[in-house]
Amino acid sequence: MLSNYVPIVGLFALAAAFAIFSVTAAPYVGPRRYNRAKLAAYECGIEPVDQPLTGGRFPIKYYLTAMLFIVFDIEIVFLYPWAVHNEALGVFGLVEMVVFIVTVFIAYAYVWRRGGLEWD
Amino acid sequence: MLFASPDQPTLEDFGHDVWWIVLIKIVGIFVVLVLLTLFAIVFERKVVARMQQRIGPNRVGWRGYLQSLADGLKLAFKEDIMPALADKPVYFLAPVIATIPAFLAFSVIPLGPTVSIFGERTPLQLTDAPIGVLIILACSAMGIYGIVLAGWASGSTYPLLGGLRSAAQMVSYEIAMGLSIVAVFLYAGTMSTSEIVAAQADGNQLSFFGWEFTGPSWYAVLLPVSFVIYAIAVVGETNRAPFDLPEAESELVGGFHTEYSSLKFALFFLAEYINMVTVSALAATLFLGGWRAPWPLSIWDGANTGWWPLLWFFLKVVAALFVFIWLRGTLPRLRYDQFMRFGWKVLVPTALVWIIIVATMRTVSREADLSTGEVALYVGVPVAVLVLIGLAIASRTANRDTRLMAADAAAGGVHATDPEPDVLPAAGPRRRSTSGPVRSEGGFPIPPLDLKVPPSPRLRREPVATDGAVVGTGRRGATTTQEDGDV
């Protein structure tokens with residue numbers, strides 16, 4: 001069965017060769033004229049402020065979204081095998097899955113209620 | 001599972017190709033994707049131009065169809081900038097990381113039936129696996145890394161914001177996309193792309209209270225809710241308008257690729273358009289019958305054999321691309337909070353409820369041995385009523401703030417930042433105000449159209465009429481009264 005995946009490796013090699021060739025060739029093909037302002041970070045007409053090397057701070061909402069993503073992604077991980085074998089699992093599988101979805105849904109409703117899905 | 005024709009490949013047909021056939025397929029997919037990208041860019045510019053009453057590119061090549069090739073060549077000869085603050089290795093690798101998965105996702109898309117290439121019988125598909133669709137999902141998830149790392153490594157404000165936004169946006173809409181295709185797996189009973197196409201080959205035999213007829217076999221028709229959710233989610237997933245917030249020109253300049261130039265920028269562009277092509281191809285595969293000829297053409301027996309299906313497949317892909325462009329030409333960009341609210345509060349719950357409905361109907365009809373009509377009556381109608389009630393309640397809750405503000409505005413123009421009243425206004429049709437500022441649908445505050453000039457601060461010291469009209473002054477937190485004559 002693993003032979004099914006070999007062509008993907010081939011395509012990976014071709015795509016990687018193309019992409020790496022492009023980024024490597026770019027500095028040599030194009031012109032190069034030094035200009036301090038050109039290499040500075042883009043800003044709309046004001047002096048750019050240096051970013052802290054650690055990446056700076058960003059809103060906690062992004063972390064929350066990432067956590068929610070993990071919860072639902074794991075739910076999807078469980079949904080796919082069940083969906084494929086739905087016929088074999090029958091009523092038992094359906095009831096189990098509804099119980100599972102409802103469990104996640106309660107957490108989801110809690111997050112919603114607490115304003116975790118609000119952006120401003 | 002029924003197979004309509006012997007040309008329909010099964011999972012066993014994959015993995016035994018001769019090496020040069022594999023090589024031809026790999027190079028073929030690579031070339032097709034690059035050409036489709038070049039075509040899609042010109043196609044987009046021309047279609048958008050038509051929608052805006054312009055002509056669009058018409059200089060380079062026949063009717064301007066070589067415009068994107070010329071642009072690509074031009075990009076190669078532009079200066080490659082390495083910003084002084086950039087994290088150099090990551091900045092260098094990010095376009096590569098974005099591009100490779102974009103190409104890989106296409107490897108499991110079925111382009112056609114079994115054909116013979118130089119005497120070798122082989123399916124018109126690079127490869128397939130029992131988990132075919134998972135490969136596509138994995139690749140689209142990997143593509144996010146390229147964008148986020150590009151934004152982070154640029155060492156600049158706008159790319160960082162664009163990269164963050166795009167991470168949040170793509171993971172949010174990936175949930176909706178992943179949930180929307182569960183129903184397809186439920187019906188097809190497999191995750192292999194070629195078998196999902198095979199499962200859509202034959203019409204469904206429906207019996208509805210005695211009437212027998214052959215129903216449509218496309219999952220877009222059988223599972224309309226899934227198809228709609230998928231279509232919306234992939235627009236967000238590919239950062240396309242109206243969900244192109246990571247590269248919102250008006251706020252973030254160019255988003256994650258602001259600091260990129262030359263071929264590195266070209267790679268991001270390429271990856272974006274390949275992703276568009278891939279999700280269009282996946283839509284065709286999962287919902288639109290794959291390479292199988294659409295109905296009027298499928299009457300002709302030869303339509304699903306040989307190389308013809310390649311034509312039907314690419315017609316479906318171009319049709320899907322047209323819808324992408326149509327959306328861009330029609331809809332304005334959403335605000336970020338509207339966008340996230342829509343993804344998390346509408347798409348995700350709808351998809352979950354829809355999965356439960358589909359699974360229940362499948363199981364009930366199988367266990368109780370009911371006909372389709374009876375299932376629709378006993379399961380479909382009650383569930384549909386429940387969903388409608390749920391959606392009505394949810395939308396009322398979600399629009400609470402908007403409703404409040406609208407009612408306030410109708411009552412005489414209270415500023416949006418004023419504290420909410422304790423008593424909620426009654427539900428029902430929105431009252432139209434005749435004097436105060438009118439607010440449009442969508443909840444964004446509009447300045448009063450019958451503009452009143454606020455009185456000069458010096459006037460406050462003068463005695464005012466007690467029966468003057470109250471004019472909201474918003475942030476100052478005080479209300480000024482005005483002479484009747486001013487109103």
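Everything numeric in this text was worked out from a predicted model, so none of it was measured.

## Description of the nonpolar core
Core analysis: the biggest nonpolar cluster contains 135 residues, and Ala176(B) and Ile355(B) have the highest contact counts within it. Sorting elements by how many residues they give to this core places helix α11 (residues 262–287) of chain B first, with 19 residues. Dropping the residues within four chain positions of it, Ile355(B) is found in contact with Leu79(A), Leu179(B), Val182(B) and Ala183(B).

## Re unusual backbone geometry
All names here are of chain B. We note that Gln53 has phi near 60°; this positive angle belongs to a residue other than glycine. Along the polypeptide, Gln53 turns up in the loop between α1 (19–51) and α2 (67–76). You can call Gln53 exposed: it has 6 C-beta atoms within 10 Å. Located in the positive-phi region is Asn239, a residue other than glycine, with phi close to 60°. Along the chain, Asn239 falls in the loop between α9 (224–237) and α10 (249–252).

## Thoughts on the UniProt feature "transmembrane region" (unreviewed entry) in chain A
Residue and element names in this part refer to chain A. Using the residue numbers shown here, the UniProt feature "transmembrane region" (unreviewed entry) corresponds to residues 6–29, 62–83 and 89–111. Within the segment residues 6–29, helix and strand shares are 100% and 0% respectively, and the terminal C-alpha atoms sit 34 Å apart. Secondary structure over residues 89–111 splits into 100% helix and 0% strand, and the C-alpha atoms at its two ends are 31 Å apart.

## Points about the interface of chain A and chain B
The interface of chain A with chain B comprises 56 residues on the first partner and 67 residues on the second. Those elements that place two or more of their residues in the side of chain A that touches chain B are α1 (6–29), α2 (36–39), α3 (60–84) and α4 (86–113) of chain A. Among the elements that take part in the side of chain A that touches chain B, α1(A) stands out by supplying 16 residues, more than any other.

## Some remarks on the pairing of strand β1 (residues 112–117) of chain B
Residue and element names in this part refer to chain B. Pairing geometry for β1 and strand β2 (residues 120–124), over five bridges, is antiparallel. The residue bridging Thr114 from the neighbouring strand is Pro123, located in β2. The hairpin turn running from β1 into β2, its antiparallel successor, is two residues long, and Phe118 in that turn takes a positive phi close to 50°.

## So, the environment of Leu68(A)
All names here are of chain A. With respect to the helices, strands and loops of the structure, Leu68 is situated in helix α3. Leu68 sits in the buried class, given 21 other C-beta atoms within 10 Å. Residues Leu68 and Tyr34 lie 34 residues apart in sequence; the distance between their C-alpha atoms is 45 Å.

## Re helix α3 (residues 88–104) of chain B
Taking 1.5 Å of rise per residue, 17 residues should cover 24 Å, and α3(B) covers 26 Å from first to last C-alpha, within 8% of that figure. Of all bends in α3(B), the biggest is about 30°, found at Ala94(B), and the proline Pro95(B) comes one to four residues later. Taking burial as the measure, the 17 residues of α3(B) include twelve buried ones, the bulk of the element. All of the buried residues along α3(B) are Tyr91(B), Ala94(B), Pro95(B), Val96(B), Ile97(B), Ala98(B), Thr99(B), Ile100(B), Pro101(B), Ala102(B), Phe103(B) and Leu104(B). Each element contacted by the buried residues of α3(B) is listed here: α1 of chain A together with α1, α4 (132–153) and α11 of chain B.

## Details of the confidence of the model for chain A
The predicted coordinates ought not to be read in detail in places where the model reports low pLDDT. Per-residue pLDDT for chain A averages 83, and the proportion of residues at 70 or more is 90%. When mean pLDDT is taken per element in chain A, α1(A) scores highest with 88 and α2(A) scores lowest with 78.

## Things to note about α4(A)
Along its 28 residues, α4(A) runs just 33 Å from first to last C-alpha, ending more than 12% under the 40 Å computed at 1.5 Å per residue. Every buried residue of α4(A) is accounted for by Asn86(A), Met97(A) and Tyr108(A). Buried residues belonging to α4(A) abut α3 of chain A together with α6 (182–188) and α14 (336–367) of chain B.

## Description of the packing of α1(A) against α11(B)
Where α1(A) contacts α11(B), the axes come no closer than 7 Å and their chain directions differ by 150°. Classified by the angle between their axes, α1(A) and α11(B) sit roughly antiparallel to one another. Contacts between α1(A) and α11(B) pair Ala19(A), Ser22(A), Val23(A), Ala25(A) and Ala26(A) from the former with Ser262(B), Leu263(B), Lys264(B) and Leu267(B) from the latter. Residues of the contact of α1(A) with α11(B), tallied by class, amount to six nonpolar, two polar and one charged.

## With respect to the confidence of the model for chain B
Residue and element names in this part refer to chain B. Averaged over every residue, the pLDDT of chain B is 78; the share at 70 or more is 77%. Within the model, pLDDT remains below 50 along residues 433–440, and this stretch shows 21 contacts once partners closer than five positions in the same chain are excluded. Note on residues 472–487: pLDDT under 50 across the span, and 32 contacts to partners over four residues away in sequence or across chains. The ipTM value of the predicted complex is 0.88, and its pTM value is 0.78.

## Structural notes on the packing of α4(B) against helix α5 (residues 157–180) of chain B
Residue and element names in this part refer to chain B. Contact pair α4 / α5: the axes reach a minimum separation of 7 Å and the direction vectors enclose 165°. Considering their axes alone, α4 and α5 lie roughly antiparallel with respect to each other. Between α4 and α5 lies a crossing whose hand is left-handed. Contact with α4, carried on its side by Leu137, Ala141, Ile144, Ile147, Val148, Ala150, Gly151 and Trp152, involves Pro159, Leu160, Gly162, Gly163, Leu164, Ser166, Ala167, Met170, Glu174 and Gly178 of α5 and no other residues of that element. Of the residues that constitute the contact of α4 with α5, the class distribution is twelve nonpolar, five polar and one charged.

Here is what the cut-offs are and how they apply
Residues numbered from 1 in each chain as written. Chains lettered and ligands numbered in written order. Predicted model: local features only at pLDDT ≥ 70, side-chain atom pairs only at ≥ 80, totals over all residues. Core = buried A, V, L, I, M, F, W, Y, C linked by C-beta atoms within 7 Å. Buried ≥ 20, exposed ≤ 12 C-beta atoms within 10 Å, placed from the backbone. Helix = DSSP H or I, 4+ residues; strand = E, 2+ residues; numbered from the N terminus. Contact = placed C-beta atoms within 7 Å. UniProt positions renumbered as here; feature names shortened; annotations may be inferred. Pairing = 2+ DSSP bridges. Expected span 1.5 Å × (residues − 1). Bend = angle between axes of the 7 residues up to and from the residue. pLDDT = per-residue confidence, 0-100. Axes fitted to C-alpha atoms, helices over the stretch in contact; angles between N-to-C directions. Parallel < 35°, antiparallel > 145°, perpendicular 65-115°, else oblique. Nonpolar A, V, L, I, M, F, W, Y, C, P; charged D, E, K, R; others polar. Left-handed = near helix turned anticlockwise from the far one by under 90°.

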